[in-house]
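Letter by letter, the chains look like this.
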Amino acid sequence: MSLPTSPYCTIGPFFPGEFADGCGDLTSRDGKQARGQHILLTGSVVEEGNRPIRNAIVEIWQPDANGVFRHPLDPRFEDADPGFFGWGRARTDAEGRYAFRTVMPGAYATQDGAPRCPHLNLMVLAIGLTHRLVTTVFFGDGAQPASDPLLDCVADPARRARMFAIHDKLSNGADALPAYRFDIVTRGEAETPFFVD
Amino acid sequence: MRGQPPIPLPETIQVEYEPYQESTQLARYIQDYPRSFTRNPSQPLIRRPLTLSERTGPIALERRLAIDGEDISSKEPGGPRAIGQFIAVTGRVMDEDGAPLARAVIEIWQANSAGKYVHELDRHQAPIDSNFTGLGRFVTGAEGQYKFLSIKPGAYPVMESDWWWRPPHIHFSIFGPSWMNRYVTQIFFPGEPLNETDLLLNAVQDPEARDRLIFETTPTTVGAVNLLTFRRDFVLRGKRSTPALD
């Protein structure tokens, strides 16, 4: 006999900015710098009609540059990058924009040896959404024939392409990190594919 | 956490996650809540296998996020207390087997007793309470238990609506040990007249499931510290046992 799960509910309009402050930068942990290629991951969150969603919360969870998750279920947990935590949170501004500084997630093989493409998990919370929306973000232009158990769930090539963060340009900052853009369309013509949760 | 024995990290046990059952959850589309119609995906949600990536998740978050003391009814320990009904909120966080989820980070945010949030988007003409932020971050103990002291939030109007007042409620955001049991909700107070008309609370069809969004009262006590205690346990998704056949 299992207990019924508690009901999910929307964050409403007033998710505190304080809870997102400082959480958009994943590139260090305990004063140590994360290994691997540091990147910017930016984009906007929009609803129907491409209207920006303000004060939406975007959270990500990803492996380190070597494809290791900082979690004991990962067989390589002991080798997790001491400078990388793997979780981040950002809040969208009035134009619906969010930004993370993170590392390019590493590819890894599953326990049966199947390859996983570099990816990160992403979820969106916002007023009007009684449940989180979850998707998986891949890197590249989607042109290469990539096989991945999550990517393979999306049959339509046009929808598949919307799961890729696009290499944008070098950012203008002093450190000029490679920038990737991932726009999130919760509802609309170019809708982001979301998974059953 | 100081002075307490460290609580071990989650076990490396395989946990099963079923999709949320609609009957236990809020509807996605809610009449008179226009954003639910402009924000929910128009395309069907896609079924996916659960891989290591989804089964893992941020753990030991209390090392990354600042954890508050249990009393958020004042800004500093011993400082002037916020105006309002002094309350304790307590309960347990567990999985579907009833097993405690230790070291789960809990974030709460709420209005003050006048129904006003400390937030740049709150346009309600109610006063800010200089002794109250309405924010708290806590971590569950070895038995999954949590407790914090606050003041009871007030009701407030939804400015985009011409009738809807939100009943008193506290927002909860909970990090279980997996990406699959990341959980966010709002918990309401028992016996509030506005509960009857709230669009969100009443978006849960099953009355028993709806009650899981409402605090339970506990027997009143009078002593050295006087407060009303409200209890809410949370069941996060995930089970490790195979249910027995009956």
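Just above sits the structure.
Looking at this structure, I do not really get the packing of aromatic side chains. What am I missing?
Residues and elements named next belong to chain B. Within the structure shown, the criterion is met by 28 aromatic pairs over all chains. An angle of 85° between the planes, with centres 5.3 Å apart, marks the rings of Tyr-117 and Tyr-156 as edge-to-face. Placement of the pair is Tyr-117 in the loop between strand S2 (105-110) and strand S3 (135-139) and Tyr-156 in strand S5 (residues 156-157), with a sequence separation of 39 residues. A relative accessible area of 3% means that Tyr-117 is categorised as buried.

For this particular structure, what's the right way to read the nonpolar core?
Most often, soluble globular proteins have nonpolar side chains that are buried together. Among the nonpolar cores identified, the biggest contains 74 residues, and Trp-87 of chain A together with Ile-170, Phe-172 and Phe-234 of chain B are the most heavily contacted of them. Ranked by size, the runner-up nonpolar core spans 28 residues in total, among them Ala-34, Met-104, Leu-122 and Val-124 of chain A.

Can you walk me through the pairing of strand S4 (residues 145-151) of chain B in this structure?
On any regular strand, side chains alternate: one points to one face of the sheet, the next to the other face. All names here are of chain B. Along S4, five of the seven residues are buried, which leaves the element largely enclosed by surrounding structure. Summarising the sheet, strand S1 (residues 86-94) and S4 pair through seven bridges and their orientation is antiparallel. Across the sheet, residue Ala-88 finds its bridge partner in S4, namely Leu-149.

Explain the interface of chain B and chain A to me, please; I cannot follow it from the model alone.
Accessible area lost upon the coming together of the parts serves often as the stated size of an interface. Listed per partner, the contact involves 83 residues of chain B and 74 residues of chain A. Counting the surface lost from both chain B and chain A, the interface buries some 7200 Å², and carbon and sulfur atoms represent 59% of this. Viewed at the interface, chain A and chain B are joined by seven salt bridges. Close ionic contact of Arg-48 of chain B with Asp-197 of chain A constitutes a salt bridge, the shortest N to O distance being 3.6 Å.

Looking at this structure, I do not really get the pairing of strand S3 (residues 38-47) of chain A. What am I missing?
Residue and element names in this part refer to chain A. Of all 10 residues making up S3, nine are buried, and the element is well covered by its neighbours. Pairing of S3 with strand S7 (residues 97-103) involves seven bridges; the strand directions are antiparallel. What sits directly across from Leu-41, in S7, is Phe-100. Where S3 and strand S13 (residues 178-181) come together, three bridges link them in parallel fashion. If you follow Leu-41 over to S13, its bridge partner there is Tyr-180. Judged from the two bridges that link them, S3 and strand S14 (residues 184-185) form a sheet pairing that is parallel. Counted as the bridge partner of Val-46 is Val-185 from S14. Sheet topology note: the S3/strand S4 (residues 51-52) ladder contains two bridges and is antiparallel. By the bridge assignment, Glu-47 is partnered in S4 with Arg-51.

Parameters and conventions
- Residues numbered from 1 in each chain as written.
- Chains lettered and ligands numbered in written order.
- Predicted model: local features only at pLDDT ≥ 70, side-chain atom pairs only at ≥ 80, totals over all residues.
- Heavy atoms only, no water.
- Phe/Tyr/Trp six-rings, centres within 6.5 Å; stacked < 30°, edge-to-face > 60°.
- Helix = DSSP H or I, 4+ residues; strand = E, 2+ residues; numbered from the N terminus.
- Buried < 20%, exposed > 50% of the residue type's maximum accessible area, 1.4 Å probe, protein only.
- Core = buried A, V, L, I, M, F, W, Y, C linked by side-chain atoms within 4.5 Å.
- Pairing = 2+ DSSP bridges.
- Contact = heavy atoms within 4.5 Å.
- Buried area = accessible area lost by both parts, 1.4 Å probe.
- Salt bridge = Lys/Arg side-chain N within 4 Å of Asp/Glu carboxyl O.

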